[in-house]
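Spelled out, the chains give:
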Amino acid sequence: MLKFLPPALIAAAIAGPAIAQEISAAPVEAAERAFAADGLALGIKGSFLKHMADDAIVFAPGPVNARELYGKRPGTNEPRLFWWPQKVVIARSGDLGLSFGPWSIDDRRGGYYATIWRKGADGEWKWVYDGGAEADPGKAPGPDAAAQVGPVAPAGAESQAKGFEEARDAEAALALAASTDAAVAYKAVLASDAWLLGPKGSKTLAGDDLSARLALRPASIALRPQGGGASGAGDLVWTHGEASWSGPDNKPVAAHYMHVWQRRAEGWRLIFETLINDT
């Protein structure tokens, strides 16, 4: 019973999965920088296989197992791909994180990447999602700059499963509202420090220029969630799914998205989106 536990453990038990101690996002930044360094040393195939989890996914154009995809690649005549973290976010439980920043090919900046990192039972960090989308990297800090650190959630959910359920409910509400008015729907759930990458046609906009990006969105977007994962504290959740809308001349546009939701004081907030056109 709780009354026989030391006061510190009683507090921890009452708090559930939320971690009271200070959590550092440094391991997420370190994992990303090690991944990028291996990109130069081992090449694209070698570095991606080394740092991915067995269940990691990428979009090609829909979600596929990353190990199977990269395992089939020759790994020869690869371009010089390099990237570095501009911002990182970590869960209260210290087991799930987001990293994103600019990427370059042969020293020429092209856009932004995003990686979801998960800490395994062995203490190693492996990525479970990696992908890139359009955003202007021209004014981004260089690779030697320390990554910005996003806020840690003030509290966790009752459990990992409960956190995932709550975030999926928030996503379902977003999907319902976005089907009639996407801009208004996103404004209702976006965190003030959120970033949006993609879709095609947005490469001249900064990822945190939310007003300009929302102005470019179609009137309505269909969002259909497919999967994702949650931190042990249930405070940080990533989801992925299909998106579609009507483009110019009412031509259908198909895409896939990756979202990161965080349990803020004001409720669940969307802090990151990658929206990648399939064609």
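Remember, predicted model here, so these are calculated numbers, not experimental data.

(A) Structural view of the sheet that holds strand β11 (residues 236-246). If you walk across this open sheet you meet the 5 strands as β9-β13-β12-β11-β10, and the pairing is mixed. Edge positions in the sheet fall to β9 (190-197) and β10 (222-230), since each has one partner strand and no second. Each adjacent strand pair in this sheet contributes to an overall mean axis angle of 20 degrees, direction not counted. In this sheet, strand β13 (residues 267-277) lies alongside strand β12 (residues 252-264) in antiparallel orientation, the contact comprising 10 bridges. Looking at β13, one finds that tyrosine 257 is bridged to leucine 275. Helix α4 (residues 160-178) contacts β10, β11, β12 and β13 of the sheet and is inclined by roughly 165 degrees relative to β10. Here helix α5 (residues 182-189) sits on the sheet in contact with β9, β10, β12 and β13, set at roughly 135 degrees to β13.

(B) Here's a closer look at the layout of surface pockets. The computed volume of the largest pocket comes to approximately 540 Å³. Among the elements of the structure, α2 (26-51), β1 (52-59), α3 (66-71), β3 (81-83), β5 (96-105) and β7 (125-133) are those that each provide at least two residues to the lining of the largest pocket. Sort the elements by how many residues they give to the lining of the largest pocket and β7 lands first, with 3 residues. There is about 200 Å³ of room inside the second largest pocket. Surrounding the second largest pocket, Gly198, Pro199, Lys200, Gly201, Ser202, Leu205, Arg213, Leu216, Arg217, Pro218, Trp245 and Asn277 form its lining.

(C) Spatial organisation of the UniProt feature "domain: DUF4440" (unreviewed entry) in the protein chain. In this numbering, the UniProt entry assigns the feature "domain: DUF4440" (unreviewed entry) to residues 169-270. The span residues 169-270 shows a helical share of 25% and a strand share of 44%, and its end C-alpha atoms are spaced 12 Å apart.

What counts, and at which threshold
Residues numbered from 1 in each chain as written. Predicted model: local features only at pLDDT ≥ 70, side-chain atom pairs only at ≥ 80, totals over all residues. Heavy atoms only, no water. Pairing = 2+ DSSP bridges. Helix = DSSP H or I, 4+ residues; strand = E, 2+ residues; numbered from the N terminus. Axes fitted to C-alpha atoms, helices over the stretch in contact; angles between N-to-C directions. Contact = heavy atoms within 4.5 Å. 1 Å grid on protein atoms, 1.4 Å probe; cavity = no way out; pocket = protein on both sides within 12 Å on 5 of 7 lines; lining within 4 Å. Points joined across faces, edges and corners; volume = space filled by probe spheres on them. UniProt positions renumbered as here; feature names shortened; annotations may be inferred.

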